[in-house]
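Residues per chain are reported as follows:
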Number of protein chains: 2
Amino acid sequence: MSGGEFNSWQTVQAEVLRRINAREWKPGDFIPNEAELSVEFGCARATVNRALRNLAESGLLDRRRKAGTRVALHPVRKATLDIPVIRYEIEGKGQTYRHSVLLQERLAPPSGIRARMRTGPGDKLLHLVTLHLADGKPYVFGDRWINPEAVPGIETADLGAQSANEWLVANIPFEGGDFSFSAMTAGKREAEILACKEGEGLFVIDRSTWNKTHIITSVRLTFAPGYRMHTEI
Amino acid sequence: MSGGEFNSWQTVQAEVLRRINAREWKPGDFIPNEAELSVEFGCARATVNRALRNLAESGLLDRRRKAGTRVALHPVRKATLDIPVIRYEIEGKGQTYRHSVLLQERLAPPSGIRARMRTGPGDKLLHLVTLHLADGKPYVFGDRWINPEAVPGIETADLGAQSANEWLVANIPFEGGDFSFSAMTAGKREAEILACKEGEGLFVIDRSTWNKTHIITSVRLTFAPGYRMHTEI
DNA sequence: TTGGATTATAAGTATATACATAAAAACCTG
DNA sequence: CAGGTTTTTATGTATATACTTATAATCCAA
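Now for a description of the structure that goes with this document.

Rules of the game
- All chains use their own residue numbering, which begins from 1 and follows the written sequence.
- Chains carry letters and ligands carry numbers; both start at the beginning, A for chains and 1 for ligands, and go up in the order they are written.
- Whole-chain, interface and lining totals are the exception, using all residues; otherwise, since this is a predicted model, local features are given only for residues with pLDDT of at least 70 and side-chain atom pairs are given and counted only at 80 or more.
- Just so you know, side-chain values use all the structure's heavy atoms and leave hydrogens and water out.
- Runs of H or I in DSSP of at least four residues are treated as helices and runs of E of at least two as strands, each being numbered from the N terminus.
- Only protein chains enter the accessibility calculation, which uses a 1.4 Å probe. A residue is then buried if its area is under 20% of the maximum for its type, exposed if over 50%, and partly exposed in between.
- By the convention used here, residues are in contact when the closest approach between their heavy atoms is within 4.5 Å.
- Here the Shrake-Rupley method, with its probe set to 1.4 Å, supplies the accessible areas, and only the displayed protein chains count as covering residues.
- What makes a salt bridge here is a side-chain nitrogen of Lys or Arg within 4 Å of a carboxyl oxygen of Asp or Glu, nothing more.
- Nearness here has a simple test: a residue counts as near a molecule or strand if at least one of its heavy atoms is within 4 Å of that partner.
- Polar contacts, as counted here, are pairs of nitrogen or oxygen atoms within 3.5 Å of one another; within protein the pair requires one atom able to donate a hydrogen and one able to accept it, and residues that are adjacent in sequence qualify only if both atoms are side-chain atoms.
- Here the nonpolar group is Ala, Val, Leu, Ile, Met, Phe, Trp, Tyr, Cys and Pro; Asp, Glu, Lys and Arg are the charged ones; every other residue, Gly included, is treated as polar.
- A residue counts toward the fit only if its pLDDT is at least 70 in both copies, and the copies are then superposed by least squares on the C-alpha atoms of those residues.
- To get an axis, fit a line to the C-alpha atoms, keeping to the stretch in contact for a helix; angles then go from 0 to 180 degrees between the N-to-C directions.
- Roughly parallel means an angle under 35 degrees; roughly antiparallel means over 145; roughly perpendicular covers 65 to 115; every other angle is labelled oblique.
- Handedness of a crossing follows from how the near helix is turned relative to the far one, being left-handed for an anticlockwise turn of less than a right angle and right-handed for a clockwise one.
- For our purposes a nonpolar core is just a set of buried Ala, Val, Leu, Ile, Met, Phe, Trp, Tyr and Cys residues, chained together by side-chain atoms within 4.5 Å.
- The span one expects for a helix is its residue count, reduced by one, times 1.5 Å.
- Within this analysis, the arc is defined by the directions that extend from the helix axis to the C-beta atoms.

Summing up its helical and strand segments, chain A has seven helices and eleven strands in all. With 233 residues in all, chain A has 47% of them scored as buried. Taking as baseline every contact in chain A between residues at least 6 positions apart, the subset at least 24 positions apart corresponds to 56%. Accessible surface, chain A as shown: approximately 11,800 Å² in total, 50% of it carbon and sulfur.

Structure representation (structure tokens):
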């Protein structure tokens, strides 16, 4: 650093961002390469690299070897959202957490679940329906299928003491998961379990998690009315 | 790891992950510091740094200067979700996109919006209700408030040609945003606009975006029944 | 014992250098 | 000119070194 200015990858990032926002570099444009920018900013190429890499990760730049770096055409904003363990979510609000197992059985799942879990036609899975309560009031219930092959020890676990989710998080490492968020209309069953009216709109999370070899579990969480999931950019 | 194996930050990351999953390093445990790990893995400290930083970003490690690095106690899984521009979302499914402005007015907002937008009591905002259609069928409608002070040029923009969201994305840089996801029950108004039944559960996104000086816009998107938002870890 | 200054430490960052790798571009060759 | 080969190039990564910064831990004095 010669001039005396302070340069950091964050400074570079901020300046690149400014130029994108100011439309000096427009969507689709190639921007100067790392070497050129490092000269312009009077810093090392590694510093520029870090800044551009970061912007690329957050979706504002597209980078490809040899091709170069360009401003993303459709800047997809990416938000990171935390997937909470329900217990901590409730306790985090200062409410007391309780849960109860409504159903625990071992049977061959319906075809939709079987397809999602990629299990054989006759394979039995562990089926659990659990209600989670905040200050004694229904908060969310989970309808969960677990592949016992992927989860050694689940048969002997006391899922009354620790919820299936917590037990799994604590005991079974997973590599990936997919989530989908949607809304449903409360039917008779949901209304009963969640103590709400039939016909109310309910927030739903469907989640599957897997490791290298198996799909571990697939769960649908149906939240009581009023639930909101929140995130910031 | 001493011989001549190939080391990269990803290798280091994978090994650290393995140890966490194998419970060699348990939640809450401090792990060796960067210098020690770099000796163990036979690589530079910068390489270890990159690996650990990455794991910290994804929520599996907690790092603090001087204190060290520990395995996160409650490993909050973070998913990144793309915030799509509705038009691209629809066109991406191979459907044709159309939108129509149902209402455009300039008035002082109700108190809830005023609080959210942090505007003065008498300030008028631009209020827009827009319906977005996929293959001619209602897909989502947006109830949007725009702060004209934050958005020079909005008064003269032709929001019939380009939706407000697209116009804003293209013309007004923003720095942050917050999102919340929830479900609601379709009332008369929603049922009419979205051509669905009263009482159906609808997926809702509330979003505000801001820049340094202003809250630019605040919008509620109410999706037609069946909408799902999807993400992977 | 408290509370403020000092010190030691681990992460955070910057840099020059070197090499790896993907892929666009240029170059052949039939 | 098509199809394959080589070259070039921008990003990607690794490393040694050096300095910065937050902060836990320690020390010391009131």
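All names here are of chain A. All told, the structure shown has 20 salt bridges over all chains when counted by the stated rule. Between Glu 15 and Arg 19 there is a salt bridge, and its shortest N-O distance comes to 2.7 Å. Here Arg 19 and Glu 15 lie together in helix H1 (residues 9-21), a separation of four residues that amounts to about one turn. Arg 19 sits in the buried class, given a relative accessible area of 11%.

Close to DNA strand D lie 24 residues; A:Glu34, A:Arg45, A:Arg63, B:Ser8 and B:Arg64 are nearest. The sugar-phosphate portion of DNA strand D accounts for 75% of its atoms within 4 Å of the protein, the bases making up the rest. At 3.0 Å from a phosphate oxygen of DNA strand D is found a main-chain nitrogen or oxygen belonging to B:Ala44. Elements with a contribution of two residues or more to the surface near DNA strand D: helix H3 (45-57), strand E2 (61-64) and strand E3 (68-71) of chain A together with helix H1 (9-21) and helix H3 (45-57) of chain B. Among the elements that make up the surface near DNA strand D, the one with the highest residue count is H3(B) (four residues). Per-class residue counts for the surface near DNA strand D are five nonpolar, eight polar and eleven charged.

Further remarks concern the relation of the copies chain A and chain B. Copy one and copy two of the chain differ by a rotation about a common axis and a shift along it. Rotating chain A by 180° and moving it 0.0 Å along the rotation axis overlays it on chain B with an RMSD of 0.1 Å. Expressed as a symmetry operation, the mapping of one chain copy onto the other fits a two-fold axis. Comparing contact sets, 100% of the residues at the interface of chain A also lie at the interface in chain B, consistent with an isologous, same-surface contact.

Close contacts around DNA strand C come from 24 residues, with A:Ser8, A:Thr47, A:Arg64, B:Arg45 and B:Arg63 the closest. Considering DNA strand C, the proportion of its atoms within 4 Å of the protein that are sugar or phosphate atoms stands at 77%. One nitrogen or oxygen atom from the side chain of A:Arg65 is found 3.0 Å from a sugar or linking oxygen belonging to DNA strand C. Those elements that place two or more of their residues in the surface near DNA strand C are H1 and H3 of chain A together with H3, strand E2 (61-64) and strand E3 (68-71) of chain B. Sort the elements by how many residues they give to the surface near DNA strand C and H3(A) lands first, with four residues.

What follows is about the packing of H1(B) against H3(B). Residues and elements named next belong to chain B. At a closest axis distance of 8 Å, the pairing of H1 and H3 adopts a crossing angle of 55°. As far as their axial angle goes, H3 and H1 are oblique. In terms of crossing hand, the pair formed by H1 and H3 is right-handed. Contacts between H1 and H3 involve Trp 9, Val 12, Gln 13, Val 16 and Leu 17 on the former and, on the latter, Thr 47, Val 48, Arg 50, Ala 51, Leu 52, Asn 54 and Leu 55.

What follows covers the nonpolar core. Judged by nonpolar contacts, the single largest core of 38 residues is most densely connected at A:Phe181, A:Phe203, B:Phe181 and B:Phe203. Non-local contacts of B:Phe181, meaning those with residues more than four positions away in its chain, are made with A:Phe203, A:Tyr227, A:Arg228, A:Met229, A:Thr231, B:Leu81, B:Phe203, B:Val204, B:Ile205 and B:Met229.

All names here are of chain B. Although it is not a glycine, Lys 66 sits at a positive phi angle of roughly 65°. Along the polypeptide, Lys 66 turns up in the loop between E2 and E3. We classify Lys 66 as exposed; its relative accessible area is 85%. Positive phi is not limited to glycine here, since Ala 195 has a value of about 55°. The residue Ala 195 is located in the loop between helix H7 (188-194) and strand E9 (201-210) in this model.

Now for H1(A). Residues and elements named next belong to chain A. Over its 13 residues, H1 runs 18 Å from end to end, which matches the ideal 18 Å to within 8%, given 1.5 Å per residue. Listed in full, the buried residues belonging to H1 are Val 12, Gln 13, Val 16, Arg 19 and Ile 20. Burial along H1 is one-sided: seen end-on, the buried residues are contained in an arc of 125°. Those residues of H1 that are buried are in contact with helix H2 (34-41), H3, E2 and E3.

A few words now on the packing of helix H2 (residues 34-41) of chain B against H3(B). Helix-helix packing: each pair is described by the crossing angle between the helix axes and the interaxial distance. Residue and element names in this part refer to chain B. Where H2 contacts H3, the two axes come as close as 8 Å, and the packing angle between them is 110°. Classified by the angle between their axes, H2 and H3 sit roughly perpendicular to one another. For the crossing formed where H2 meets H3, the hand is right-handed. Here Glu 34, Ala 35, Leu 37 and Ser 38 of H2 lie close against H3, whose contacting residues are Arg 45, Val 48, Asn 49 and Leu 52. Here the contact of H2 with H3 is composed, by residue class, of four nonpolar, two polar and two charged.

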